[in-house]
Amino acid sequence: MDSASASDIVIIHGNSHPDLANLVAERLGIKNAGCSVFHKTNRETMVEIGDSVRGKDIYIIQTGTKDANNNIMELLIMAYACKTSSARSIVGVIPYLPYSKQCKMRKRGCIVTKLLAKMMCTSGLTHIITMDLHQKEIQGFFDIPVDNLRASPFLLQYIQESIPDYRNSVIVARNPGSAKKATSYAERLRLGIAVIHGEQKEAESDQVDGRYSPPPTSTYDNLIGNTVEMCLPAISSSRTRTISVSVGVPEHPPKVKPPINLVGDVNGRIAIMVDDLIDDVQSFVAAAEVLKESGAGKIYVLATHGLLSSDAPRLIEESHIDEVVVTNTIPHEIQKLQCHKIKTIDISILIAEAIRRIHNKESMSYLFRNVTLED
């Protein structure tokens, strides 16, 4: 980046991932601005920006980690500090968006991602750069532009260059919900696909959200009876074409999931599971056991975001999984020290290129080339 355009860029970051912020700044050939983010004794977040941001384009690099609430507050306060200091534009670079899995309505709950989007827009952010959202529709929650970058080219390159004999591989979806992503990888690599069906715990789509609760039967019986008596003359001619239920509103039958099983052939082949996020690894470990019992050779797990919460490193170390590959959207150096199977792909070059293009008002289409709706 030339010095004239670089002089208008200011990169600041919070405490979530300073290493990634330094890598991005280094690739852009600029230095991080002086910004201090700390917590007072009462745990309130304080932000002090040391350099002038008036009339500048500000890029705040702040990802989501296991300390999600502090990450969010730091981002909001930094954005508002820049807004009240007359910054020209404020772009939030959020490689992993916290609360992105809470993007659906649950019983007596709320869509937390929508609330977070409103807070970010109110704080002064004018643009969002993120990566592999849990659901692409989350972009619609924001009233500002959102660029949802893809890590799949990096993961595809890793498969082709770092997995020996990858042509003898099968892309595995650990549940039916991951089948679209697995299909996209399989088509690009020209490989077969397998799907694991049946789960040890409920999937997101199966959680009770309160919409299948019928009213009390007695109340509905009276209502239906009175309505039918009032409308009897009008409907007599069409009665033969109308089918009525026996008593009230029919109950919604519960889903009965079969035992976990594999649809597809992995015998003697390399199994590669792909997903957007690895947090609780229990489901991946259970899937690896099924794959091993079905005759799979090596088992790889590839994902964009590696939260690896709780005792994930120990579970991975003791499992049949041979390698877990994630990008550095989330810091996980401690987990790598605890488990030698975890490997990292650096995606800072993609973020740096996105910042450069936005700042120079260039098209972002190049970064989304050959990306399909299933990615």
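All values reported here derive from a predicted model rather than from experimental measurement.

Caption draft 1: Up close: the environment of Phe141. Considering the arrangement of structural elements, one finds Phe141 in the loop between strand S6 (127-131) and strand S7 (146-149). Under the relative-accessibility criterion, Phe141 is labelled buried at 17%. Taking the C-alpha atoms as reference points, Phe141 and Leu116, separated by 25 residues in sequence, lie 8.9 Å from one another. Among all residues touching Phe141, those that are not within four sequence positions of it are Cys103, Ile111, Thr113, Lys114 and Ala117.

Caption draft 2: Structural view of unusual backbone geometry. Even without glycine at this site, Tyr99 takes up a positive phi of about 65 degrees. On the secondary structure map, Tyr99 appears in the loop between strand S5 (89-94) and helix H4 (112-123). Using a relative accessible area of 28% as the deciding quantity, one classes Tyr99 as partly exposed.

Caption draft 3: Inspection of the pattern of salt bridges at higher detail. Under the definition given, this model contains 12 salt bridges. With a shortest N-O distance of 2.5 Å, Asp311 and Arg314 are connected by a salt bridge. The exposure class of Asp311 is partly exposed, given its relative accessible area of 32%. One salt bridge connects Glu353 with Arg357, and the closest N-O pair in it is separated by 2.8 Å.

Caption draft 4: Layout of the packing of helix H5 (residues 152-162) against helix H6 (residues 179-189). At a minimum axis separation of 11 Å, H5 and H6 run at an interaxial angle of 55 degrees. Of the possible angle classes, the one that applies to H5 and H6 is oblique. Here H5 and H6 pass one another in a crossing that is right-handed. The residues of H6 that touch H5, namely those facing Ser152, Leu155, Leu156, Ile159 and Gln160, are Tyr185, Arg188 and Leu189. Within the contact of H5 with H6, the residues separate by chemical class into five nonpolar, two polar and one charged.

What counts as what
- Residues numbered from 1 in each chain as written.
- Predicted model: local features only at pLDDT ≥ 70, side-chain atom pairs only at ≥ 80, totals over all residues.
- Heavy atoms only, no water.
- Helix = DSSP H or I, 4+ residues; strand = E, 2+ residues; numbered from the N terminus.
- Buried < 20%, exposed > 50% of the residue type's maximum accessible area, 1.4 Å probe, protein only.
- Contact = heavy atoms within 4.5 Å.
- Salt bridge = Lys/Arg side-chain N within 4 Å of Asp/Glu carboxyl O.
- Axes fitted to C-alpha atoms, helices over the stretch in contact; angles between N-to-C directions.
- Parallel < 35°, antiparallel > 145°, perpendicular 65-115°, else oblique.
- Left-handed = near helix turned anticlockwise from the far one by under 90°.
- Nonpolar A, V, L, I, M, F, W, Y, C, P; charged D, E, K, R; others polar.

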